[in-house]
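Residue-level structure breakdown
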Amino acid sequence: MTVHPSRRFLYVTNGSGNAHGTATNVAANSISVYQLDPVTGAISGPTDTKPVNGNPISVVVHHTGKFVYVVNE
């Protein structure tokens, strides 16, 4: 998982579903976006989930915040 440079969003990879700690009610092989409260740090969501090809294992956000890169296994 990684945080957007604005500190307003959290990106989480959701693997194949075989790993311990896999989130429930979130599609396997996807990446989810959660909202972060800038004052309290509270997390809500996911606000969006998109499928990716393969088993995502890592995510990073470009320093401009315009691009999200996902590494698949």
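See the structure shown above.
Computed from a predicted model, the values in this text were never measured in an experiment. (Residues numbered from 1 in each chain as written. Predicted model: local features only at pLDDT ≥ 70, side-chain atom pairs only at ≥ 80, totals over all residues. Heavy atoms only, no water.)

**Description of the overall build of the protein**
Across its full length, the protein holds 0 helices and 6 strands. Tracing the protein from N to C terminus, the helices and strands come up as β-β-β-β-β-β. When each of the 73 residues of the protein is scored for burial, the buried share is 29%. By sequence separation, contacts in the protein at least 24 residues apart represent 33% of the contacts at least 6 residues apart. Put simply, the protein shows about 5,000 Å² of open surface, and 53% of that area lies on carbon and sulfur atoms. (Helix = DSSP H or I, 4+ residues; strand = E, 2+ residues; numbered from the N terminus. Buried < 20%, exposed > 50% of the residue type's maximum accessible area, 1.4 Å probe, protein only. Contact = heavy atoms within 4.5 Å. Areas by Shrake-Rupley, 256 points an atom, 1.4 Å probe, with all protein chains shown as cover.)

**Here we look at the sheet that holds strand S1 (residues 2–3)**
Here 4 strands make up an open sheet; going across it, the order is S1-S2-S3-S4 and the pairing antiparallel. Of all the strands in the sheet, the pair left with one neighbour each is S1 and strand S4 (43–51). Direction of pairing for strand S3 (residues 30–36) relative to S4: antiparallel, over a ladder of 6 bridges. The residue of S4 that forms the bridge with Ser32 is Thr49. (Pairing = 2+ DSSP bridges.)

**As for the side chain of Ser32**
By the secondary structure assignment, Ser32 is in strand S3. Within the structure, the side chain of Ser32 is placed 2.9 Å from the side chain of Thr49, a separation counted as a polar contact. In contact with Ser32, not counting residues within four places along its chain, are Leu10, Tyr11, Val12, Asn14, Val26, Pro46, Asp48 and Thr49. (Polar contact = N/O pair within 3.5 Å; in protein donor to acceptor, adjacent residues only side chain to side chain.)

**Quick word on the pairing of strand S6 (residues 68–72)**
As paired strands, strand S5 (residues 56–61) and S6 are joined by 5 bridges and run antiparallel to one another. Looking at S6, one finds that Val59 is bridged to Val70. In this structure, the hairpin formed by S5 and S6 is closed by a connection of 6 residues, where Gly65 is found at a positive phi of approximately 85°.

**As for the environment of Ser16**
Structurally, Ser16 is set in the loop between strand S2 (9–14) and S3. Those residues in contact with Ser16 that lie beyond four places of it in its chain are Ala28, Asn29 and Asn55.

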